[in-house]
Every structure is written in structure tokens, then in C-alpha cells.
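Inside the fold
The residues making up each chain are set out below.
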There are 2 protein chains.
Amino acid sequence: MTIRARPFRSFRTLHAVLALTFVTAASGRSTAAQLTPDQARAWVDTHRWEAVQQLGTLGSFRAVASDPAGLAAARGHLRERLEEHGFDTREMSGGGVPAVFAQKLVGSGRPTVLIYFHYDGQEVDPSRWDSDPFTPTLFAPDGSRIGPVTGLSTTARLDDEARAYGRAIADDRGPISAFLMALDMLADQGAELSFNVKLFLEGDEESSSPGLRSILESPENRSLLEADALAILDAPMFQSDDPTIYLGTRGIVTADLTVYGARGPLHSGHYGNWAVNPAIELSKLVSSMFDPDGRVAVPGYYDDRTPLTDAERAALARLPRVEDELQREFGIPVTYGAGERLFDLLTYPSLNVRGMQAMYVGGQARTVVPADATAALDLRLVPGQDDVAALAKVRRHIEGQGYVVLEGPPTDADRAKGKPLASLVRRPGGYPSFRTPIENEMVQRMMGVVERASGAPPVVLPTIGGSGPLVLFEEVLGLPPFGLATYNHDSNQHSPNENIRLGDYFRAIRIFGVMLATLGGAVS
Amino acid sequence: MTIRARPFRSFRTLHAVLALTFVTAASGRSTAAQLTPDQARAWVDTHRWEAVQQLGTLGSFRAVASDPAGLAAARGHLRERLEEHGFDTREMSGGGVPAVFAQKLVGSGRPTVLIYFHYDGQEVDPSRWDSDPFTPTLFAPDGSRIGPVTGLSTTARLDDEARAYGRAIADDRGPISAFLMALDMLADQGAELSFNVKLFLEGDEESSSPGLRSILESPENRSLLEADALAILDAPMFQSDDPTIYLGTRGIVTADLTVYGARGPLHSGHYGNWAVNPAIELSKLVSSMFDPDGRVAVPGYYDDRTPLTDAERAALARLPRVEDELQREFGIPVTYGAGERLFDLLTYPSLNVRGMQAMYVGGQARTVVPADATAALDLRLVPGQDDVAALAKVRRHIEGQGYVVLEGPPTDADRAKGKPLASLVRRPGGYPSFRTPIENEMVQRMMGVVERASGAPPVVLPTIGGSGPLVLFEEVLGLPPFGLATYNHDSNQHSPNENIRLGDYFRAIRIFGVMLATLGGAVS
């Protein structure tokens, strides 16, 4: 079943009435001019205020997992905005938060690209923010607070270096907002879509996409989602803040490693340095997993990695050198890798201790020998590697340190064995890795789009270090995914004071506009 | 200024009317019989129900730091009960929760012993208890619940192996209750106090005695608290559950050791295994502080320890061998010390990791490189050692691992040094150690009391592993402290399901009765 695009729908922005140009998008017949990069630039320069208002509107939805009403309101706004541009929209549910699907087809002679966004944001702890997370707020280049975005005068100075703060204002509503503005721009300029555009706006990406697989596996959805490629418009740019095309993600599996002492906490005066201390023993175990340069010392951990191609190695070699700047920016005292470059390291699997806990520290601490100590691990894997095999290597390493490795807390019988006791428990979730070849035609076309729209070729990353459910689009639908990242790398994605740099946001509008007008190849 | 004991005050228990014998305690003149160990046994055997009621009454006060009204109610009850026995009572405050002071003087020819208790209890988390912490509840020897203590029929079976559960029911209201019952017993039997009894019932011991020093340093209080010795009736018995005399405590100093990574958590996919991971580095640092047998590997950590005397070594050699049973009882998978005995280890300083934290584990974990990781340390010290020097050794050890060791979080300038960064921050509080010689006359007399009252000599510990403010009595008042521990070692002191074994409680009443009647030496 195919949804037919509805022609002749009017559109508007919420805060500004634009000069309207009606486009008969699905007809193949057009009265429109082409959109050149210069036109895109000129348009964005004269619509900065409207662009920031659109961002403010999206950022004000409390679209986080704990607020279903906020998520529903965001969906409603998105559908309305897309329908104004002639998109057919519907919701797709896999049991979790519904996704919004939208499409506008321009003809069978054109390629079809499925574009991925997500409209939900990470949960917030407002006490750690400098502004209300759901009142998008503008801050000047010098860091001073200008005020809520929605109250800005139309003559307000919107410097490229100013930033808008708010939850999800970058990840991923910055790109969504830029895309909506790009649609406005095409309509305003009378330019046509150059390809069949399908949009998938996920609603629970920040909750690890619990419903995505079942959405993608539904036969009806599969047919709607058919495309030639999947473009993911969600991610921070390379740290040089150049628009970035990335071709893969690492896989991930998470697990909790726990070392056990006595059944309960013991008085440290009466039993300390006699009863085994799980915090000390966990420390030894964690230490044993790494060499002094931070390389993973678990035997075989780097095995089975698919080697990089020549093109991938060449792309890596072209990357701007950002490591020193990054280290300064994040205030990282020292780095691992014995001088190897960050983005080379990211093509290897990693083993990270993402959390560690034994009783309490600080004012809550009590003078006890903790009963257990846990390290939360994440294992990032690369093409060629398998999650089950990777965890098994970690398990064997722990056994090699003399431990009995259980699947959960020990029984009395386990405790009576006179052996060190640990458990390694896999957490729910996780994803495999993927890597789309640089040679993919849509990837090559997108590289051209970015260069034309922004004046410089994109940074190309064979893989990013992160992981995500997008690999399911490849696994279930056979779509080769690639990403185009447009917001600032220092956006505090997932953290307090998330923000987007206005200059990067405005550039994204230009890129998306040129993409819509030219990626399909009719105009180039 | 001296408070004169008031003669001829009537007394009663709350739940039973006893046959009353009036005693002219302060007069030196007496109509009373002596109290033999057999009489004490017979009396306790016929007053078990009353004894358990007294325990239930004390255990029902919500006398914890968070409940000032509960503390005040407990104080009121204690003063009332003591005044019924002719004690003069008053409160002593050092700015924190008031202590109750009480005294009953029998004549200048008798020794004066200051007896220490504390009437406050550790805070509770009721969700982890099998019964309400402030509704003392009886459990049968088989672990089945009998019911609230205060609702027991006078014919209820009160087996030695039954246990009463409740917060502070052992630590320290078990001994207080036993002491009040011993006063009832002496009065009932017409027996006299054999020494000048001064009582100090502290109100904020479980909060680390914030006001104790200023109480002891007040000139008025110093004169009231003058005595020949300090007997501390607060502690669990040696693990063989024989009445235990302990002669010292270890000192304690606590500190938080933090290792620093980036200014904030970093995405583990994008920066993991490149940005230094404080959880991993803290693990290495903690590991470096211990050898495989759990001995402290910080250079010089065992220096300056005053050697044990021959008598102390002999007392240690006589200790029942309880290690295997303890290990089984607590479910400790393995122990440190390369086979050295627990109570020998306790005569050495210890270094304990009492807590450890970096971000989150389990369901709350997020895929980040933590910004910092902290280990909460407690250092237990022995006579001859100094807290400042001990912490300095730990600091030097950390520096020896290549760290810059700060006094708190790093500045940007610290971060730019290109060196591993840690901080070692001493926590407030801490105590020195003490060790009263076995040869002390009051210690020798108390050993005799216990042997006569219980039929076996006490276990004598040159030191316990714990630490506490009682050392201030030695430091400020020059009183040689020693402890007499009477409640079961598995009382879950400070933990959920705190309990006292009734047989141990009844034995404590006998011991305290014989102590009151004979410790002063008039009767022996």
C-alpha cells in the first residue's frame, strides 16, 4: 500500500508569515526555479529569526520518555508542519512511543531516500541547567544570557556564535527544525524536491528504541519504508565542526561485573583487611583488563576485526588533527592510546567502565567492608566481531584471575567454595555494528551536496565511536545507512546545558535545502 | 560541685511491681544482704518477663538522630528509672544531643567507676527489616516470629536462644536495660552498691559524638565525671559469644580519594579508551595499595606500631579459634592475611575501601566515561601511630604512582599539566587509639566479676578492631577506659534486623548485678 502525496497544501511557519509559493510537488510538473547554494544562503540569511522561532517551538515540547503528553504534542506539531508541505503522515507503533512516518513522492524516476530523525530527548535534571531545559533560551557568544527564544524581537541579533540552550535542541530537534526550514525555503523559492522523500521520526531513541525492531518488521511498514538508502540526520559533527558524513557505528553490549564479599556489609574495624573487600578485588580485576596505555588486556579482545579498506584509511588520514584541542576543551588530564589518534582508536573495539559502585562515598560513607562491588561495563564492537563472543572473552579473563564467574549473586554453596566470586550479567539491549562503503552512490552524492552547500567537502568518518539502533534498518530492511551530522560537537548532547550553535544550525538549513533540491540528481 | 545522692527514693519497673527493699545507699549503713552469683542467677530466672519488658520499653523509643523528640523521651525514661534507684541525674550538653549523667555515691572509701552507655541508635531503613525497628519483636530460636515484646503474656516462653529484634536493642540499649534490671535486682535483694557509681549515657554516639569533647572539657562536668576508671558497657562479645573485656580501640581517620578525568562525563562511544577513565585509574590506584594477601602495600604503613606486651600476646594466644565459623557465618568467600588470625591482624593498622563510586551501575548506568571516581577510605591506626602521618603515607604512595595529589577538584591549570590528577580529602572526625594495660586494677577486678557471675573467665582482647570517641575520656579526663561486652556478636549492630539473644541479655543482668555488688571490693 502506498500513500499518495497530496498536492497543493498550504504551509506556514508558526511565528512568521512567509511569502508563499505553491508547488505541485508530486505531479512532476513544476513552476519552480532551481535552488542554488547562493540562493539558499541568501534565504537563510533573511530568515534567521523565523529559523530560531522554529527551533524554539520544537524545543519547548517536553518530549521525553517520562512525559507521554509532551511526546504526543511534539508528534502533532511535526505532522502538521509536514502536512503543510504536502507530506502524507501517519504514526507507526512498535509498542513503545509511536514514530512519525511521512512521505512525499515526486516520481518513480527519482531515487527514494529514507531520512531518519528522532523527536524525543534525553531526560533532564533541571537543577543542573543554567536555563529551563524546555524553555529554549538564547545565550550570546560571550556566554551571557539573552533570553527565551520565543520572546525574541524580530530585530534581535542572531550571531553565528550565539547558542540556543534546551533539552534536545541539538539532539535531534536541531536537524528536524533545520529540515522543516529547508522545506519552507524550497517552497518559498519555488524549488522542487529532487527525490522521493520518506521521513521516519522515531519517538523513543533515547530509551534505546524498544519498539524499533517491531516497527521495521511489520510487513505494512516495510513496504512504506522501502528506499534506496537511509540518511541519518542525527549526530554532532566531527570535532573540527565541519559537516560530517559517517558511515558506520560500533556495536555495543553492556554488562555488570560484580565481585562478592560477605553476605552483608561488615564493620570495617572488626573485619577490615581480613574479610575479602569486594571494592579492592574489583579494582584488581578492572586493573587487570587494561594495560598502562589503556589498551584492553583481555586476551583476544581485538581479534576478528574486519580490516579497514584503503579508502577508509585514506579518509581517516585526511581528518583534521583535533585531539589536542579536544583534550583542552574537555579538560582531560591525560589520554590513552600511546599517541594513537582518537579516530583510529574508534575503529577498534573498546571496553569502558561506565560506572562503579560499592556502598557509599562522601558524607554517606559508613565504615564497613562492602558486601559487593560492581563495575558497569560497555563493550563497543566493530564489524567482524560478535557480542556473545566478546563477553565470553571478558568472562574467561575473569576466570583466568582465579574467579568463579556466576550469572548472578552467589548461593551459600557458592560462598562455601573458598574461591573468589564474581558475576558477569549482560544487560538488556545492545546493537551490532555496521559500516557502509564510502563508494555507495548516495554517499558520494551527499558528499557533493555538502560541498556545494557549505563550500567545503565534508569530513568523512568510516565509523563513529557510538552505537545505535539504526543498524536495524540495515539488518531488517537491507538499507545501507549513512549519517550526516550538522550540529556542534560541543552541544552537551545528553547532558545538562544542551545547546546548538546558531551558525551550525543555519548551515544545516542550507545543506538540507540543497540536499532536497539536488540529491536526487535531476538538478546538480 | 557535688551532687548528693538522695536516699529513700522508691522505685518500680514499668511493667511489674516488685517486692521493694529500701536501701540507704549513700549512708554507708546498710540493712542489705550481699548478692551472690547464685542469688543473681535465681533472681534473673524468675524475672525474665520483666527483663524483656524493660528491653521492650527502651527499644520502643525512636531515639535516633533524626528524631529529637524520640531522643528526649528516651532521656526522660532513663532519668526516671535511675532516680527511682536514688541516682541524681542531670543532662550534659556539648551542643549536640544531651547526655544523661547520673550518680549514686556510697562513700569516699570506695572506688569510683564511671560507666559509659549511649542511648541513641543508628538510623534505620525500615524497608530492609523483618519487623518494625521500633516495635521490639520476639523471634523464636527457629527464627519464627512470636510477636511484639510489649504484648507478651507473662507466661510466654523466653528461651535463651530466642532473640528480640529492634533498632538499638543490642547497641546499646541491651546493656542499659540489663543495667537497670541489675539495679532492680540489688534493690529487690537488699544488696548495696559496692562502689561509687557514675553513669554517662551519651546521646549522639551513633553520629560520631559531635559534642563529647566539649562536654568532657567543661570544668563543671570534669569534676562530676572524676573517677578511678571508665567501664564501657557497649560492644558485641567476642565471636565465641563469651563475655569480653576489651582494653583498647584502634584509631580512625577517613578520607575520600578521587581520580579525575574530563570536566564532565564523556560519551563512551566517542571518547572511551582515549580519554582517561577515572574508574579504571582509581582501580589501578586502589590495587597498588594492597598485596595479594590483602596486606597494605603503602610504604611504611605498619611503622611506628607499639609492640604488644607479653601479657597481651598471651591473651591473644588464649582466644578461641573462631575464624572458620565467622567466615561461614558471614558467607565470606575468601579472607586476607595469609592465614594470620583475625585478632592478631586487628593489632595492626588497616586500610579499608569502605565505598567506591563512579557514575552509576545497573539500570541507571549510562554509556559514558565517568568524570571522576572516588574511593572512600578508612584508616585504622594502633598505639604509636599518628593520623596525620598515616594519611601522608597514603598521599606519598599516590604521588609515587605518578599522580598530582590535590586537596580538592582540579582547576583548569591543574588539568593542563598533562599529569594524572587525584585528590585526597580528609573527612571530618576521627579518633586516636588507646590501649589500657591488662594489669590495671579495675580491669583485674572486672575479670573476677565476670568469672564469678558467669562461671567462666572472660575473653580478654588487648584491642578491638573498631574505633570510637571513648578515647576522649582518656585524653581529656585521664581515665583508663576498658570495655565489657555482653551482647551477641551477631547482633546486626548498625544493620537491619538488629537483635539481642535473650540468654546473653539475661547473663548481662547477672554480671552487672554482681559487678554493682562486688566490684568495689567490699564484697569479693
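Before reading on, note that the structure itself is shown above.
Figured I'd write up the structure that's included with this text. Given the structure is predicted, the values throughout are model-derived calculations rather than measurements. (Residues numbered from 1 in each chain as written. Chains lettered and ligands numbered in written order. Predicted model: local features only at pLDDT ≥ 70, side-chain atom pairs only at ≥ 80, totals over all residues. Heavy atoms only, no water.)

1. Focus: the overall build of chain A
- Along chain A, the regular secondary structure elements total 16 helices and 21 strands.
- Relative to the 2.2 N^0.38 estimate, which gives 24 Å for 524 residues, the radius of gyration of chain A is 25 Å and therefore close to what a compact globule would have.
- Here chain A, with 524 residues, has 62% of them falling under the buried criterion.
- Contacts in chain A between residues far apart in sequence, at least 24 positions, make up 79% of those at least 6 positions apart. (Helix = DSSP H or I, 4+ residues; strand = E, 2+ residues; numbered from the N terminus. Rg over C-alpha atoms; globule rule 2.2 N^0.38 Å. Buried < 20%, exposed > 50% of the residue type's maximum accessible area, 1.4 Å probe, protein only. Contact = heavy atoms within 4.5 Å.)

2. Things to note about the pairing of strand S17 (residues 421–426) of chain A
All names here are of chain A.
- Here strand S11 (residues 251–260) runs beside S17; their pairing, made up of 6 bridges, is antiparallel. Residue pairing in the sheet places threonine 258 in a bridge with serine 423 of S17.
- Bridge count for strand S16 (residues 404–406) against S17 is 3 bridges, and the pairing is parallel. Bridge assignment links valine 404 to a residue of S17, and that residue is leucine 421. (Pairing = 2+ DSSP bridges.)

3. Side note on the relation of the copies chain B and chain A
- Overlaying chain B on chain A yields an RMSD of 0.1 Å, the required transformation being a rotation through 180° with an accompanying axial translation of 0.0 Å. Both copies of the chain, as the preceding transformation shows, are related through a two-fold rotation axis. (Least-squares fit on C-alpha atoms with pLDDT ≥ 70 in both.)

4. Some details on the sheet that holds strand S4 (residues 137–139) of chain B
Residue and element names in this part refer to chain B.
- The antiparallel open sheet is built from 4 strands, whose spatial order is S5-S4-S6-S21. With one partner strand each, in any of the chains shown, strand S5 (145–148) and strand S21 (499–501) form the two edges of the open sheet. Mean inter-strand twist for the sheet, computed between neighbouring axes without regard to direction, equals 20°.
- Sheet topology places S4 next to strand S6 (residues 163–165); 3 bridges connect them, and they run antiparallel. Counted as the bridge partner of phenylalanine 139 is arginine 163 from S6. (Axes fitted to C-alpha atoms, helices over the stretch in contact; angles between N-to-C directions.)

5. A short note on the packing of helix H4 (residues 173–189) of chain B against helix H16 (residues 502–518) of chain B
All names here are of chain B.
- One can describe the packing of H4 onto H16 by two numbers: an axis separation of 8 Å at closest approach and a directional angle of 55°. The orientation of H4 with respect to H16, classified from their angle, is oblique. Judged by the twist between their axes, the crossing of H4 over H16 is right-handed. Between H4 and H16, the residues in contact are Gly174, Pro175, Ser177, Ala178, Phe179, Met181, Ala182, Leu183, Met185 and Leu186 and Tyr505, Ala508, Ile509, Arg510, Phe512, Gly513, Met515, Leu516 and Ala517, respectively.
- By residue class, the composition of the contact of H4 with H16 is 15 nonpolar, 3 polar and 1 charged. (Parallel < 35°, antiparallel > 145°, perpendicular 65-115°, else oblique. Left-handed = near helix turned anticlockwise from the far one by under 90°. Nonpolar A, V, L, I, M, F, W, Y, C, P; charged D, E, K, R; others polar.)

6. A closer look at the interface of chain B and chain A
- At the interface, 85 residues of chain B touch 85 residues of chain A.
- Surface buried jointly by chain B and chain A totals about 7,100 Å² across both partners, of which 56% is contributed by carbon and sulfur atoms.
- Among the residues of chain B in contact with chain A, Asn273(B), Trp274(B) and Tyr336(B) are the three that bury the most area, contributing 14% of the side total.
- Inspection of the region where chain B meets chain A yields 0 salt bridges.
- At the surface where chain B touches chain A, the tally comes to 41 residue pairs in polar contact (both at pLDDT 80 or more).
- Of all the elements, strand S13 (residues 350–358) of chain B adds the most residues to the side of chain B that touches chain A, at 9 residues.
- In the side of chain B that touches chain A, the residues fall into 39 nonpolar, 29 polar and 17 charged. (Buried area = accessible area lost by both parts, 1.4 Å probe. Salt bridge = Lys/Arg side-chain N within 4 Å of Asp/Glu carboxyl O. Polar contact = N/O pair within 3.5 Å; in protein donor to acceptor, adjacent residues only side chain to side chain.)

7. Considering the sheet that holds S13(B)
- One open sheet holds the 10 strands; their spatial order is S16(A)-S17(A)-S11(A)-S15(A)-S13(A)-S13(B)-S15(B)-S11(B)-S17(B)-S16(B), and the pairing between them is mixed. Among the strands making up the open sheet, the edge pair consists of S16 of chain A together with strand S16 (404–406) of chain B. Between one strand axis and the next, the sheet turns through 30° on average, direction left out of account.
- This element, helix H12 (residues 387–400) of chain A, spans S11, strand S15 (372–381), S16 and S17 of chain A of the sheet and lies at about 170° to S17(A).

8. Comments concerning the pattern of salt bridges
Residues and elements named next belong to chain A.
- Throughout the structure, instances matching the rule amount to 58 salt bridges over all chains.
- One salt bridge connects aspartate 45 with arginine 48, and the closest N-O pair in it is separated by 3.9 Å.
- On the basis of relative accessibility, which here comes to 43%, the residue aspartate 45 falls in the partly exposed class.
- Aspartate 504 is the salt-bridge partner of arginine 507, the closest N and O atoms lying 3.2 Å from each other. Taken together, the residues arginine 507 and aspartate 504, both in helix H16 (residues 502–518) and 3 residues apart, mark about one turn of the helix.

9. Quick word on helix H9 (residues 310–318) of chain A
Residue and element names in this part refer to chain A.
- Considered for burial, the residues of H9 that qualify are Glu312, Ala315 and Leu316. All buried residues of H9 project into a common sector of 100° when viewed along the axis, lining one side. For H9, exposure combined with an orientation more than 90 degrees from the buried face picks out Asp310, Ala317 and Arg318. (Arc of directions from axis to C-beta.)

10. Thoughts on unusual backbone geometry
Residue and element names in this part refer to chain A.
- A cis amide bond, omega 15°, links aspartate 171 with the succeeding residue aspartate 172.
- Relative to the assigned elements, aspartate 172 resides in the loop between strand S6 (163–165) and helix H4 (173–189).
- Even without being a glycine, aspartate 241 presents a positive backbone phi close to 60°.
- Along the polypeptide, aspartate 241 turns up in the loop between strand S8 (229–232) and strand S9 (244–246).

11. A look at the nonpolar core
- Within the largest apolar cluster, 156 residues are counted, with the highest numbers of intra-cluster contacts made by Phe200(A), Ile398(A), Phe473(A), Phe200(B), Ile398(B) and Phe473(B).
- When near neighbours in sequence (up to four residues on either side) are disregarded, Phe200(B) contacts Met92(B), Ala99(B), Val100(B), Leu114(B), Ile115(B), Tyr116(B), Phe117(B), Leu212(B), Ile215(B), Leu225(B) and Phe473(B). (Core = buried A, V, L, I, M, F, W, Y, C linked by side-chain atoms within 4.5 Å.)

12. Describing the packing of aromatic side chains
All names here are of chain A.
- By the definition in use, this model includes 23 aromatic pairs over all chains.
- Taking the centre distance of 6.0 Å and the plane angle of 80° together, the rings of tyrosine 302 and tyrosine 348 count as edge-to-face. Of the two residues, tyrosine 302 is situated in the loop between helix H8 (278–288) and H9 and tyrosine 348 in the loop between helix H11 (342–345) and strand S13 (350–358); the sequence distance between them amounts to 46 residues.
- Its relative accessible area of 25% is what places tyrosine 348 among the partly exposed residues. (Phe/Tyr/Trp six-rings, centres within 6.5 Å; stacked < 30°, edge-to-face > 60°.)

13. Some remarks on the side chain of Ser350(B)
- Mapping Ser350(B) onto the fold places it in strand S13.
- Residue Ser350(B) is classed as buried on the basis of its relative accessible area of 1%.
- Dropping the residues within four chain positions of it, Ser350(B) is found in contact with Gly272(A), Asn273(A), Arg250(B), Tyr301(B), Asp378(B), Leu379(B) and Arg380(B).

14. Examining the pairing of S5(B)
Residue and element names in this part refer to chain B.
- Relative to S5, S4 is paired through 3 bridges, and the arrangement is antiparallel. The partner of phenylalanine 139 across the bridge, within S5, is arginine 145.
- The turn linking S4 back onto S5 is made up of 5 residues, and glycine 143 within it adopts a positive phi angle of 90°.

15. Some words on the environment of Gln103(A)
- Within the fold, Gln103(A) resides in strand S2 (residues 99–104).
- When the C-alpha atoms of Gln103(A) and Ile500(A) are compared, they prove to be 27 Å apart, with 397 residues separating the residues in sequence.

16. Topic: the packing of helix H2 (residues 48–59) of chain A against H16(A)
Residue and element names in this part refer to chain A.
- Between H2 and H16, whose axes approach to 11 Å, the crossing angle comes to 100°. Judged by the angle between their axes, H2 and H16 are roughly perpendicular. For the pair H2 and H16, contact is made by Arg48, Ala51, Val52, Gln54 and Leu55 and by Leu502, Tyr505, Phe506 and Ile509, respectively.
- Looking at the contact of H2 with H16 residue by residue, the class counts come to 7 nonpolar, 1 polar and 1 charged.

17. What about the environment of Ser108(A)?
- If you trace the backbone, Ser108(A) turns up in the loop between S2 and strand S3 (112–118).
- Measuring from C-alpha to C-alpha, the distance between Ser108(A) and Phe195(A) comes to 9.1 Å, with 87 residues separating the pair along the chain.

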